[in-house]
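Structure assessment
Each chain, letter by letter, is given below.
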Amino acid sequence: MDTSATGDSHPSETFATSATLAVAVASADGVLTHWSRGAQQLLGYSASEAVGRPAAGLLASPLPGAAREELGSPKGWAGSVVLRGRDGRPVECRLRVRSLAGDDGRVDWLLQAGVERQAGDLDEAMLLPWSFDQSPFALAIYDTEGRFLHVNEAMTRQLGASPEELRGLRITEHMPDPLFEDPQRSVERVAATGEPEQLENYVRVPGEARPHAWTSHFTPLKDPAGLVRGVQQVALDFSEQHAARERMALLNEASRRIGSSLDVVRTAQELADVAVPACADFVSVDLLDAVLQGDEPAPIPAGGPLVLRRAAVRSDLRGVVAVGEPARYPAASPTARCLATGRAVVHRMVDPEIAQWLAEDPDRAAWVSRHRPHSLIAAPLRARGTNLGVVLLTRQDPAAAPYGPDDLRVAEELAAHAAVCIDNARRYTREHNTALALQQSLLLDGTPAQTAVDVAGRYLPAGSQAGVGGDWFDVIPLSGARVALVVGDVVGHGIHAAAAMGRLHTAVRTLADVDLAPDELLAHLDDLVIRLGTEQERADVPPGELGATCLYAVYDPVSRKCSLADAGHPWPALVTPDGSVDFIELPTGPPLGLGGLPFECVESELPEGSLLALYTDGLIEASGRDVDTGLSALRTALAAAAVPSLDTTCDTVLAEMLDQRPTDDVALLIARTRVLDVGHVASWDVPADPAIVAEIRAKATAQLHAWELDELAFVTELAVSELVTNAIRYATTPIQLRLIKDRTLICEVSDASSTAPHLRRARIFDEGGRGLMMVAQLTERWGTRYTGTGKTIWAEQPLPRPPAQALA
């Protein structure tokens, strides 16, 4: 039924002094079809007794003549009448009659009656309309088609229209903004289903200058038969609660999004991204240069201009300063003042302080004039008592309220959280740069002078979250034209891991100079790691964190033999000249630092031109692969990357194995083996007879002549004489002399004794003791290495330069 018919007054005007309000509906022919509880209270008839009776039968006296004329008008008729109660008594009351147009075109009559009372003689029914009109909440009643029937004073203020202007209109007809389509649909659904609804929205109503947060309750209005006759709306302004909830949500979002990385610039940008558009239209983050470099910022001079660097900005508007450029602020600017005092400030653009600042800053004055912000907040970024920079927030939207104390508190909390995250990133940057510089200084820088292998290596630090680790590799020239290849991985990341790697790297070089076998060298390294773990300067490292893995290999280009020992490290890969790829199976020893367990050495003969690939676990475990999958991928990558250039091979392998920045450090060392053929090596077995020394010396001199190294004959004859004589005199057989022409001339004398020779200073009248001293003085370097069958004493001389180089 359409209940949108209008009358000359609303119920509060007609029945302001009525104690009992009776409502009934009559069909077009005057037969009652509906009967309210109020009507029963007024006349005594129940609904079953009244419905179906002629409405005129309730009149104790006929209607005035003017009533029949006004009944046909849209306003209907209202006046005093006398009705007859069920008990026959006359009831004087105020009656209002108006037409109701039904959906099917049928016209019914709405009858409203109330007993007249004297002003001051009130009951509950008289308070109802007053309660509606005087409620502090905005109230509205709609018909079943969603049109306004009645609104109270609070609602008229919000909607900016009188009840007469609103009556008969839909919500969207009065407020065509799409945001009001939701409440219109709620009214229609409640009218159709009879089920209440609740709606929250954030809109600007015509009676308000700015948007407010509203929660609206829509409830159906039903007659005694349960039919929906209308819908009531109660609208509550909960802008303060909404603002508090929004502030809490913003801070929660900030704690989730700001600080997702350990990158200073990215963290600053996250601060700007969180603040726009939630609490600002333009945000800039300016930091001190020292912060961006990871250094400790120096104190800021008071009273002078401020120079920062723009780290981040978020806005649809172009700022005065681009990201990465210096941002200069006069001493009177809010930015300089808040950083000097350590307190955030809030201003409207009409404040005298802003006028003073802009008078000294024409570029920003032009920006303000062009974009017309109405308020700003400048908040310092301070962490652990250190100034890091400033975040500046401005509002341009004229519909948004200027910044106030609540906004200032939110900005302070955002700045405080972001400052801690930026400082963490700064401290990480400092540690990362230090560790990376330390590590790079210890890694292989160029190819060391040796001819046993061609080498190329790569080191990739982990992504920023993990930090620099303790991976390293090295190529160490050894005596006898041999070379040591080593790769290691210290547990952990950061400066501690890099420092531990540096100590292990130095220890490996020192032990390699002693010419220890691979298994013995790892045993010494194991002891060193155990000592490092117990030293006082590493007391801040949790127990058991210090550990390392290592693979140590020694290749001899004369014999083509490679000796390897492993301490918990992945096996090396071998690519033979025919292109096949395999992994050299080694007895895997325990990682360094466990102690008490032995290491084993394996010897393998390698074809000339073989590729030996040593790597750390970051290469095979990248992209979430397990070890077996990683080894299979490495096998495939090496097979496809076997090209003459080792640098190209390294790059190709890394490109195949790593599809993104690794989460762990990656070290890769690839060596191609070379061979010293018989034309570069000469050897003689030496009997234990002092008389043979002259013959051996002559053979060595003849070999030098064949190699066109006659310039080295004198020193070589002396070295051969002294080393062979000492071996015959003090050592045991078998004794062998070997000359190797490599990048130097190497003279080696091997015997079966393990007694170490040593230099001593001979006295004036001593007949011996000067030979080894002369060898040490006349050769470039000398030393002793021990083997499974004895020892070898060796001495090296540089080869003479070719004539063209000598003339140059």
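Residues numbered from 1 in each chain as written. Predicted model: local features only at pLDDT ≥ 70, side-chain atom pairs only at ≥ 80, totals over all residues. Heavy atoms only, no water.

Some details on the sheet that holds strand β22 (residues 573-575)
- One open sheet accounts for 5 strands, arranged β17-β26-β25-β22-β23; its pairing is antiparallel. With one partner strand each, in any of the chains shown, β17 (453-460) and β23 (581-583) form the two edges of the open sheet. Neighbour-to-neighbour, the strand axes of the sheet open up by a mean angle of 20°, direction not taken into account.
- With 3 bridges connecting them, β22 and strand β25 (residues 611-615) associate as antiparallel partners. Residue Ala 573 lies in a different strand from β25, and its bridge partner there is Ala 613. (Pairing = 2+ DSSP bridges. Helix = DSSP H or I, 4+ residues; strand = E, 2+ residues; numbered from the N terminus. Axes fitted to C-alpha atoms, helices over the stretch in contact; angles between N-to-C directions.)

With respect to helix α14 (residues 352-360)
- For α14, the complete set of buried residues consists of Ile 354, Trp 357 and Leu 358. Buried residues along α14 cover an arc of 95° about the axis, so they all sit on one side. More than 90 degrees from the buried face of α14, the exposed residues found are Pro 352 and Ala 359.
- Tucked inside the fold, the buried residues of α14 contact α13 (334-341), β14 (345-348), α15 (362-371) and β15 (375-383). (Buried < 20%, exposed > 50% of the residue type's maximum accessible area, 1.4 Å probe, protein only. Arc of directions from axis to C-beta. Contact = heavy atoms within 4.5 Å.)

Considerations on helix α21 (residues 646-657)
- Between its first and last C-alpha atoms α21 spans 16 Å; for 12 residues at 1.5 Å apiece the expected length is 16 Å, and the two agree.
- Along α21, the residues that are buried comprise Leu 646, Thr 649, Cys 650, Val 653, Leu 654 and Met 657. Angularly, the buried residues of α21 cover 125° about the axis, an arc narrow enough to put them on a single face. With respect to the buried face of α21, the exposed residues turned more than 90 degrees away are Ala 655 and Glu 656.
- Where the residues of α21 are buried, they touch β17, β25, α19 (617-620), α20 (627-640) and β26 (666-673). (Expected span 1.5 Å × (residues − 1).)

Description of the nonpolar core
- Ranked by internal contacts, the top residues of the largest apolar core, which has 59 residues, are Val 283, Val 285, Leu 287, Leu 381, Val 391, Leu 393 and Leu 414.
- Broken down by element, this core gets its largest block of residues, 10 residues, from helix α16 (residues 405-442).
- Setting aside its immediate chain neighbours within four residues, Leu 414 contacts Leu 250, Leu 251, Ala 254, Leu 271, Val 274 and Cys 279.
- Within the second largest apolar cluster, 29 residues are counted, among which are Val 508, Leu 511, Val 529 and Cys 550. (Core = buried A, V, L, I, M, F, W, Y, C linked by side-chain atoms within 4.5 Å.)

Looking at the pairing of strand β16 (residues 386-395)
- Burial within β16 is extensive, with 10 of its 10 residues counted as buried.
- Relative to β16, strand β11 (residues 282-287) runs antiparallel, the two sharing 6 bridges. When the bridges of β16 are listed, Val 285 appears paired with Val 391.
- Both β15 and β16 contribute to a ladder of 9 bridges, which runs antiparallel. In the sheet register, Ala 379 faces β16, and the bridge partner there is Val 391.
- Linking β15 to β16, which pair antiparallel, is a turn of 2 residues; within it Arg 384 sits at a positive phi near 55°.

Topic: unusual backbone geometry
- The omega torsion across Val 276 and Pro 277 is 0°, close enough to zero to call that bond cis.
- Within the secondary structure, Pro 277 sits in the loop between α11 (264-275) and β11.
- Here the bond from Thr 733 into Pro 734 is cis, since omega is 0°, no more than 30 degrees from zero.
- Considering the arrangement of structural elements, one finds Pro 734 in the loop between α23 (713-730) and β28 (735-741).
- In this structure, Ala 481 is a non-glycine residue whose phi angle is positive, near 65°.
- Note on placement: Ala 481 falls in the loop between β18 (469-477) and β19 (483-493).
- Exposure remark for Ala 481: the relative accessible area of 6% places this residue in the buried category.
- With a phi angle near 60°, Arg 560 is a residue other than glycine that sits in the positive phi range.
- Structurally, Arg 560 can be placed in the loop between β20 (548-556) and β21 (561-567).

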